[in-house]
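A look at the structure
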Amino acid sequence: MDKRLVLPGGILWIAGLVMSIVGMNLHTDTGRLVAIIGNIVFLVGLGIFGAAWLMARKSKDSEKQED
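On a predicted model such as this, the values are computed, not experimentally measured, just so you know. (Residues numbered from 1 in each chain as written. Predicted model: local features only at pLDDT ≥ 70, side-chain atom pairs only at ≥ 80, totals over all residues. Heavy atoms only, no water.)

With that settled, consider the overall build of the chain. When helices and strands are counted, the chain shows two helices and zero strands. By the compact-globule yardstick of 11 Å for 67 residues, the chain is too spread out, its C-alpha radius of gyration being 16 Å. Viewed in the frame of its principal axes, the chain has a C-alpha envelope of about 60 × 15 × 10 Å. In the chain, buried positions account for 15% of the 67 residues. A separation of at least 24 residues holds for 63% of the contacts in the chain among residues at least 6 apart in sequence. Put simply, the chain shows about 5200 Å² of open surface, and 69% of that area lies on carbon and sulfur atoms. Separation of charge centres in the chain, based on 7 positive and 6 negative side chains, amounts to 5 Å. (Helix = DSSP H or I, 4+ residues; strand = E, 2+ residues; numbered from the N terminus. Rg over C-alpha atoms; globule rule 2.2 N^0.38 Å. Buried < 20%, exposed > 50% of the residue type's maximum accessible area, 1.4 Å probe, protein only. Contact = heavy atoms within 4.5 Å. Areas by Shrake-Rupley, 256 points an atom, 1.4 Å probe, with all protein chains shown as cover. Lys, Arg positive; Asp, Glu negative; His and termini not counted. Charge placed at Lys NZ, Arg CZ, Asp CG, Glu CD.)

Before going further, it helps to spend a moment on the environment of A35. One can find A35 in helix α2 (residues 29-66). Considering only alpha carbons, one finds A35 and N25, ten residues apart in sequence, at a separation of 8.9 Å. If sequence neighbours within four positions are ignored, A35 has contacts with M19, S20, G23 and M24.

In this model, helix α1 (residues 3-25) (23 residues) spans 33 Å end to end at C-alpha, consistent with the 33 Å of a helix rising 1.5 Å per residue. Taken as a whole, α1 has its buried residues at G9, G10, G16, S20 and G23. (Expected span 1.5 Å × (residues − 1).)

Below is the structure:
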């Protein structure tokens, strides 16, 4: 996998998960905002990680076809 995409994707994924959990435990409007931002960051990180995985899989499949 491309480490340039996996590292930021993983960091965003974990940070978004933490923010979402913290936001759900705060029972104020700020907590709701933190939870929403955490969910968005989580999904962006998951998307980046998934794109890196898909690119690695496509390159592996193309190497198989060349053999």
